[in-house]
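Structural overview for review
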Amino acid sequence: MMEQPNLSYIQGVSCGDKTFEHKLIGIIKNEFPIEKQVYIANITCLNYKLSADIVHKLKHKISILGLVKSYEIAICYEHNLLEKSIEGREDFESILQRITEFLETI
Amino acid sequence: MNSIIIDDEATARAIIGQLCSNVPSLNVLGEFPNAMQAIKYLNSNEVDLIFLDIHMPDFTGFDFIDTIKNPPKIILTTSDPNFAIQAFGYDCIVDYLVKPITPERFQKAIKKAEVIKSVAVPKVDSSKVETSSGSDLYVNIDRRLIKIDIPSIYLVEAKGDYIYVKTENKNYTVHSTLKKIEDRLPDSLFLKIHRSFIINIDKIIDIEDNSVLIKKDVIPVSRSNRPELIKRLNLL
């Protein structure tokens, strides 16, 4: 079964500070769709370097949302993009979709 | 300790800010989304500690450190563990935190920063590849800057934390990265044909399937780099 996004890391950092949790989730909800759009725009025209740059940013959010295996996939994909290969694209985009759906529920 | 946070991601700034708020000895004076804004701030304010992201557009964390005079203590924050060796070249860097940063690891870094009292200017990074004129490249080997004539280089190979630079007359082992030397070599002459190899196109003897013969070395060409290599050849 595929791992699912969760708030474990955020709760670990917050030490029970709900205000911070809401603030951080708000930032992620705001930043993630923008970064996802930037990624899609760059990968669509196969701009490898800019795609790798935005994957680098997105992978931090992947790790914040507790997706350990997905984080490894993102690391490999970023590396592949820097080598001008799109190997791993499908897996990475499936991670983005899972996060998109998760963010709609919180 | 008065501190500032430099990171282009709002998410990262918020997390570091929260981690700082749990440390009574830390006082966060400001958060900056890029190095340039932080430099402006530092021109008129003194801080004891900087949380600095490495991977930022236009101006990296290392560019930032190289720019400021007498840098305060710096804790690097990054998603990429591959810069650790480069970080050790700077006396001002007290720790290196890989994202996502856990509260426990953060506390450890703060303790280190509190213990380290003396902070020096950055020493010369032993891995640094310097350039002077357009045709020379200076490499730092055992504290000596050795001049290499760029057109004489026919092959650069990445070997762990080192690069192996082969020239017509001599070979050099330099503590650096392929990326760093790639940035210093002219695109018109050099091409990365594999994640571990950069070649001088003028020195190619022949190409067979997925390998290139250059001098006596047979170098693999990765599938993704092959189209660019073919494009650069004067094919009949």
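Now for a description of the structure that goes with this document. (Residues numbered from 1 in each chain as written. Chains lettered and ligands numbered in written order. Predicted model: local features only at pLDDT ≥ 70, side-chain atom pairs only at ≥ 80, totals over all residues. Heavy atoms only, no water.)

Considerations on the overall build of chain B
Counted only if it meets this: Numbering of helices and strands runs from the N terminus, with a helix taken as a DSSP run of H or I at least four residues long and a strand as a DSSP run of E at least two residues long. Exposure categories follow from relative accessible area, calculated using a 1.4 Å probe and restricted to protein chains: below 20% of the type maximum is buried, above 50% is exposed, and the middle band is partly exposed. The criterion used for residue contact is that any of the two residues' heavy atoms lie within 4.5 Å. Residue-level accessible areas treat just the shown protein chains as cover; the underlying method is Shrake-Rupley with a 1.4 Å probe.
Regarding its fold elements, chain B presents seven helices and 16 strands. Looking at chain B residue by residue over its 236 residues, the buried ones come to 48%. Partitioning the contacts of chain B with sequence separation of at least 6, the portion at a separation of at least 24 is 49%. Split by element, the accessible area of chain B, about 12100 Å² in all, is 49% carbon and sulfur.

Considering the sheet that holds strand 16 (residues 217-220) of chain B
All names here are of chain B. Rules: Each pair of strands is called paired provided DSSP finds at least two bridges between the two strands. Structural elements are reduced to axes, namely lines fitted to C-alpha atoms, with helices fitted over the stretch in contact, and the angle between N-to-C directions of any two is expressed from 0 to 180 degrees.
On the basis of which strands lie adjacent, the open sheet formed by three strands has the order 14-15-16 and antiparallel pairing. Each edge of the sheet is formed by a strand with only one pairing partner; in this case those strands are strand 14 (204-208) and strand 16. Strand-to-strand twist across the sheet, computed as the mean angle between neighbouring axes with direction ignored, equals 25°. Strand direction decides the pairing type here: strand 15 (residues 211-214) and strand 16, joined by four bridges, are antiparallel. Note on strand 16: the bridge partner recorded for leucine 213 is valine 218.

Focus: the packing of aromatic side chains
Residues and elements named next belong to chain B. For the record, the criterion: Any Phe, Tyr or Trp ring, taking Trp's six-membered ring, that has another such ring centre within 6.5 Å forms a pair; planes under 30 degrees apart are called stacked, those over 60 apart edge-to-face, and the others tilted.
In the structure shown here, the tally under the stated rule is six aromatic pairs over all chains. Consider the rings of phenylalanine 51 and phenylalanine 106, whose centres lie 5.4 Å apart with planes at 20°: the pair is stacked. Pair noted here: phenylalanine 51 is in strand 3 (residues 49-53) and phenylalanine 106 is in helix 5 (residues 103-115), with a separation of 55 residues, a long-range link. For phenylalanine 106, a relative accessible area of 1% corresponds to the buried category. Their ring planes at 20° and their centres at 5.7 Å tell us that phenylalanine 62 and tyrosine 90 sit as a pair that is stacked. Note that phenylalanine 62 is positioned in helix 3 (residues 61-67) and tyrosine 90 in the loop between helix 4 (84-87) and strand 5 (93-98), a separation of 28 residues in sequence. In terms of burial, phenylalanine 62 and tyrosine 90 fall into one category: buried.

Focus: the interface of chain B and chain A
Put simply, the rule is: Joining two parts hides part of their accessible area as seen by a 1.4 Å probe, and the buried area is that hidden amount summed over both. Salt bridges, as used here, are contacts in which a Lys or Arg side-chain nitrogen is within 4 Å of a carboxyl oxygen on Asp or Glu. In protein, a polar contact requires one atom able to donate a hydrogen and another able to accept it; more generally it is a pair of N or O atoms within 3.5 Å, and residues adjacent in sequence count only if both atoms are side-chain atoms.
Contacts between the two partners involve 21 residues from chain B, matched on the other side by 24 residues from chain A. Surface buried jointly by chain B and chain A totals about 2100 Å² across both partners, of which 56% is contributed by carbon and sulfur atoms. For the interface between chain B and chain A, the tally reads three salt bridges. The closest approach of N and O atoms between B:Asp8 and A:Lys57, which form a salt bridge, is 3.2 Å. Here chain B and chain A share eleven residue pairs in polar contact (both at pLDDT 80 or more) between them. Counting residues per element, the side of chain B that touches chain A draws most heavily on helix 1 (residues 10-21) of chain B, at seven residues.

Quick notes on the pattern of salt bridges
Taken as a whole and judged by the stated rule, the model has 21 salt bridges over all chains. The closest approach of N and O atoms between A:Lys61 and A:Glu35, which form a salt bridge, is 3.1 Å. Here A:Glu35 lies in helix 2 (residues 18-44) and A:Lys61 lies in helix 3 (residues 48-64), a separation of 26 residues in the sequence. Neither residue differs from the other here; A:Lys61 and A:Glu35 are each classed as buried. One continuous salt-bridge network, built from bridges that share partners, spans A:Glu31, A:Glu35, A:Lys61 and B:Glu9.

Thoughts on the pairing of strand 2 (residues 27-32) of chain B
Residue and element names in this part refer to chain B. Condition: Classification remark: right-handed applies to a crossover when, strands pointing away from the viewer, the course from the first strand over the helix to the second runs clockwise.
As defined by bridge partners, strand 1 (residues 2-6) adjoins strand 2 across five bridges and the pair is classed as parallel. Residue pairing in the sheet places asparagine 2 in a bridge with asparagine 27 of strand 2. Tracing the backbone out of strand 1, into helix 1 and back to the parallel element strand 2 gives a crossover that is right-handed.

So, the environment of B:Thr167
All names here are of chain B. Here threonine 167 is to be found in strand 10 (residues 162-167). Judged by its relative accessible area of 6%, threonine 167 falls in the buried class. Considered as a pair, threonine 167 and isoleucine 150 are 17 residues apart in the sequence and their alpha carbons are 8.5 Å apart. Side-chain polar atoms of threonine 167 contact the backbone oxygen of lysine 170, separated by 2.6 Å.

Some details on the sheet that holds strand 2 of chain B
All names here are of chain B. Spatial ordering of the open sheet is given by 2-1-3-4-5, a layout of five strands whose pairing is parallel. Unpaired on one side and paired on the other, strand 2 and strand 5 mark the two borders of the sheet. If you compare each strand with its neighbour and ignore which way they point, the axes differ by 20° on average. The pairing of strand 1 with strand 3 spans four bridges and is classified as parallel. Among the inter-strand pairings, isoleucine 4 is bridged to a residue of strand 3, identified as isoleucine 50. Sitting on the sheet, helix 5 is in contact with strand 3, strand 4 (73-78) and strand 5, with an inclination near 175° to strand 5.

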